[in-house]
Amino acid sequence: MNQEKQTPSAQKFRVAVSPLSWTNDVLEQLGNDTPLEQCLAEAAAAGYAGVELGRKFPREPEVLGPILERHHLGLASGWYSGFLAERDVATEMKEVAAHANLLRTLGARVMVYGECGAMVPEAPLDVAMSTRRKLTLAEMQAYAARLSDFATQLLATYGLRLAYHHHLMMVAETFDEICTLFDCTTPAVGLLLDTGHCAAAGFDYRELLKRYGNRIVHIHLKDVRADVMRAVRGGDLSFNTGVLNGMFTVPGDGSVDYAGIADFVRRTDYAGWIVVEAEQDPVKAPPLATVTRARRFIAGLLEQGK
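If you're wondering where the values come from, they're calculated on a predicted model, not measured in any experiment.

This paragraph deals with helix α4 (residues 137-158). Taking 1.5 Å of rise per residue, 22 residues should cover 32 Å, and α4 covers 31 Å from first to last C-alpha, within 8% of that figure. When α4 is considered as a whole, its buried residues turn out to be Met140, Tyr143, Ala144, Leu147, Ser148, Phe150, Ala151, Leu154 and Tyr158. Residues of α4 that are buried sit in contact with β4 (79-82), α3 (89-105), β5 (110-115), β6 (161-165), α5 (175-184) and β7 (189-194). Among the residues trailing α4, glycine 159 stands out with phi positive, at a value near 70 degrees.

Tyr113, Tyr143, Phe150 and Tyr164 are the most contacted members of the largest nonpolar core, which has 98 residues in total. Looking at which element gives the most residues to this core, the answer is α4, with eight residues. Other than its neighbours up to four places away in sequence, tyrosine 113 contacts Tyr80, Gly82, Phe83, Leu84, Glu92, Tyr143, Leu147, Phe150, Leu162, Ala163, Tyr164 and His165.

Across the chain, the average pLDDT comes to 94, with 95% of residues at 70 or higher. The model gives residues 1-10 a pLDDT under 50, and that stretch makes 30 contacts with residues more than four places away or in other chains.

This part takes up the packing of helix α7 (residues 205-212) against helix α10 (residues 259-268). α10 packs onto α7 with a crossing angle of 20 degrees between their chain directions and a minimal axis gap of 9 Å. Looking at the two axes, α7 sits roughly parallel to α10. When the axes of α7 and α10 are compared, the crossing they make is left-handed. Residues Tyr205, Arg206 and Leu209 of α7 pack against Ala259, Gly260, Ile261 and Phe264 of α10. Split into classes, the residues belonging to the contact of α7 with α10 amount to five nonpolar, one polar and one charged.

Put simply, the largest pocket is a space of about 480 Å³. Around the largest pocket, the lining comprises 27 residues; the ones closest to its centre are Leu20, Asp25, Val26, Trp79 and His167. For the lining of the largest pocket, the secondary structure elements donating two or more residues are β4 and α9 (239-245). Ranked by residues supplied to the lining of the largest pocket, first place goes to β4 with three residues. Each residue belonging to the lining of the largest pocket can be placed in one class, and the counts come to ten nonpolar, ten polar and seven charged. Each pocket or cavity is described by its volume, and for the second largest pocket that value is around 190 Å³. A class-by-class count of the residues in the lining of the second largest pocket yields six nonpolar, two polar and four charged.

Basis of the calculations
Residues numbered from 1 in each chain as written. Predicted model: local features only at pLDDT ≥ 70, side-chain atom pairs only at ≥ 80, totals over all residues. Heavy atoms only, no water. Helix = DSSP H or I, 4+ residues; strand = E, 2+ residues; numbered from the N terminus. Expected span 1.5 Å × (residues − 1). Buried < 20%, exposed > 50% of the residue type's maximum accessible area, 1.4 Å probe, protein only. Contact = heavy atoms within 4.5 Å. Core = buried A, V, L, I, M, F, W, Y, C linked by side-chain atoms within 4.5 Å. pLDDT = per-residue confidence, 0-100. Axes fitted to C-alpha atoms, helices over the stretch in contact; angles between N-to-C directions. Parallel < 35°, antiparallel > 145°, perpendicular 65-115°, else oblique. Left-handed = near helix turned anticlockwise from the far one by under 90°. Nonpolar A, V, L, I, M, F, W, Y, C, P; charged D, E, K, R; others polar. 1 Å grid on protein atoms, 1.4 Å probe; cavity = no way out; pocket = protein on both sides within 12 Å on 5 of 7 lines; lining within 4 Å. Points joined across faces, edges and corners; volume = space filled by probe spheres on them.

Next up, the structure:
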């Protein structure tokens, strides 16, 4: 029998899980033999109300919809690899069409946007983290204008709010870069707050809550093993090497303090999705046990102070 899918103290938001605990989208050796059916069945058994898209998900709404319904799971969102740091808005609107239509048809309200432009051309997640390409202020301002236009068109055309994913190795990794970008964008650009990417980039996620709390439309709860992260930074290793070494884990298993998330949810009456995400080797971290433990952690966290 499933656990309770929603805590009594938080009726407006919903809790989902990323399929990355079962199958990695980039490192195909991690969970490559894990069937989609196992991922969805275990997500439901662990008590989650929804999932995000992963590489094993069919991308036809008429195919994926019934599969999710069979497991009583909603579609929280799905990552879109954008290239607005390099290309124009008209091209991006053409490229996003099928993905945005899938999200809209299956009831998602936000689209996760990850910037894959202006990255090291060959295997960008396999190079030393110090080699990340950075935008000049002028480039960032021009990028922000394109991103704002794209977000406005995405909402008008598909009814989807853009949830911008700050991310290691991408153009908005550090706190200062995120601030520069968001200070230059219009409110049409929403923020995806990722606790793990904040910690791994060297700043406290509470700083984003303070500065851009009213722009947060999607939340990823990812934890960081601080000792592994220090080794990754100290050795100037790659992002993918860090993942393989276990720098990320589910909330409650690492060094991130989530009290600020609980306070934010209660104080702002947040009504979006909260997504458990951990890029781990499913052999080392069996998904069902791992995500079940994370779901219980979140339930306890969000029930504090009732």
